[in-house]
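Working through the structure, step by step
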Amino acid sequence: MDVSMTVWVVTVLGLLALIAVDFFIGRKPHDVSVKEAGIWTVVWIVLAAAFGLGLLFAGENQASGEFFAGYITEKSLSVDNLFVFVLIMAKFAVPSHLQQRVLLVGVLIALVMRAGFIAAGAAIIANFSWVFYIFGAFLIYTAWKLVKEASTDEPDEEYEENRLLKSIEKRFGVADRYHGTKLSLRDNGKRILTPLAVVMLAIGTTDLLFALDSIPAIFGLTQDPYIVFTANAFALMGLRQLYFLIGGLLQKLVHLSYGLSVILGFIGVKLILHALHESGVHVPEISIPVSLGVICGVLVITTITSLVAARRQTAAEEREQESTRV
């Protein structure tokens, strides 16, 4: 897809305008209700669908298909981020009325950093086609790692701060309590950070780890930087509302990691086949419609089996409680 600088500028300005509206509406710290989260989740999904359909109506059929495949993949992978976000919120004991502000700024930091990843990835792919082998192998390895972690009985229950975050805390110092929406304050003549600033940085920098597999994954579906960026942007910008909407359902998605591993493994194979094709080897390539079908199918099956398994677990626990009473 040939995208001019004007289209890039208009797209970025449009996204910034949407973010500004989102920030203006939720500028006052408050507890986000399920109704509010549900409405805004639908709004962001509708906006993403409108963008994809706009590409289709503009005659960019392939770009539209790539956008939807990339958006759904990034959205499903971002749900996995929510597990870590819950741990971060608990680690820093973020007051409920400040959590929406934390997520908004944290996601914006993540989006800016991902833009850098996307630019670097596009430049590497444009000059070194063999990088598809590396991306493909990495995604297959990540898929295997997800399966291995999902099969363990004890999931991680505590968030551990990364080195960057620890160095920032050591360099500037951190206040011992929250001070509303303030990010810094003066203490004995020295400006220090508030816990709110630290947790925002934690959300944003932690996303770097997720970008290591999500960015190669979407490049496996499209090599168009414009589609990669917009799919990531729409997936991330609706993440805050999704956190409040399905926060209580996360523990029920017991098979999510297995589903994501299948998707990453599938895209890894697709990348390797594409790399072989680019090298002159006659191998079949997986089309975008097939990719979209596989991704949607895996997510539907994973969600259904997760809810069934969670329901059976709940029923088993209730039977056990009843037998204990007797």
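You'll find the structure just up there.
Notes on the structure follow. (Residues numbered from 1 in each chain as written. Predicted model: local features only at pLDDT ≥ 70, side-chain atom pairs only at ≥ 80, totals over all residues. Heavy atoms only, no water.)

This part covers the side chain of Thr 302. Examined against the element boundaries, Thr 302 turns out to sit in helix H11 (residues 288-325). You can call Thr 302 buried: its relative accessible area is 10%. Sequence-distant contacts of Thr 302, that is, excluding residues within four places in its chain, are made with His 255, Leu 256 and Gly 259. (Helix = DSSP H or I, 4+ residues; strand = E, 2+ residues; numbered from the N terminus. Buried < 20%, exposed > 50% of the residue type's maximum accessible area, 1.4 Å probe, protein only. Contact = heavy atoms within 4.5 Å.)

One way to put it is that helix H6 (residues 163-172) packs onto helix H7 (residues 195-219) with a least axis distance of 10 Å and a crossing angle of 160 degrees. Classified by the angle between their axes, H6 and H7 sit roughly antiparallel to one another. Considering only the axes of H6 and H7, their crossing is right-handed. Contacts between H6 and H7 pair Leu 164, Leu 165, Ile 168 and Glu 169 from the former with Val 198, Leu 201, Ala 202 and Thr 205 from the latter. (Axes fitted to C-alpha atoms, helices over the stretch in contact; angles between N-to-C directions. Parallel < 35°, antiparallel > 145°, perpendicular 65-115°, else oblique. Left-handed = near helix turned anticlockwise from the far one by under 90°.)

Right, let's get into the pairing of strand E1 (residues 184-187). Judged from the four bridges that link them, E1 and strand E2 (residues 190-193) form a sheet pairing that is antiparallel. The residue of E2 that forms the bridge with Asp 187 is Lys 190. What sits between E1 and E2 in their antiparallel hairpin is a turn of two residues, with Asn 188 showing a positive phi close to 55 degrees. (Pairing = 2+ DSSP bridges.)

What follows concerns the environment of Val 300. Along the chain, Val 300 falls in helix H11. Between the alpha carbons of Val 300 and Gly 259 there is a distance of 9.2 Å; along the sequence they are 41 residues apart.

The next point concerns the pattern of salt bridges. A full pass over the atoms with the stated rule returns one salt bridge. The salt bridge partner of Glu 74 is Arg 114, with a shortest N-O separation of 3.1 Å. Here Arg 114 lies in helix H4 (residues 99-127) and Glu 74 lies in helix H3 (residues 61-91), a separation of 40 residues in the sequence. The exposure class assigned to Glu 74 is buried, which follows from its relative accessible area of 3%. A residue is classified by how much of its surface remains accessible, and Arg 114, at 4% relative accessible area, is buried. (Salt bridge = Lys/Arg side-chain N within 4 Å of Asp/Glu carboxyl O.)

Okay, the packing of aromatic side chains next. Summed over all chains, the structure comprises ten aromatic pairs. Plain terms: the ring middles of Phe 51 and Phe 234 are 5.5 Å apart, the flat faces sit at 40 degrees to each other, and that makes the pair tilted. Here Phe 51, found in helix H2 (residues 34-57), pairs with Phe 234, found in helix H8 (residues 225-237); they are 183 residues apart in sequence, far enough to count as distant. Among the residues examined, Phe 234 registers a relative accessible area of 5% and is labelled buried. On the basis of an interplanar angle of 35 degrees and a centroid distance of 6.1 Å, the ring pair of Tyr 141 and Trp 144 is categorised as tilted. Placement of both Tyr 141 and Trp 144 in helix H5 (residues 131-150) is noted, with a separation of three residues, approximately one turn of the helix. By relative accessible area, Trp 144 is classed as partly exposed at 48%. (Phe/Tyr/Trp six-rings, centres within 6.5 Å; stacked < 30°, edge-to-face > 60°.)

Take it as geometry only, folks, not as evidence of what the structure does.
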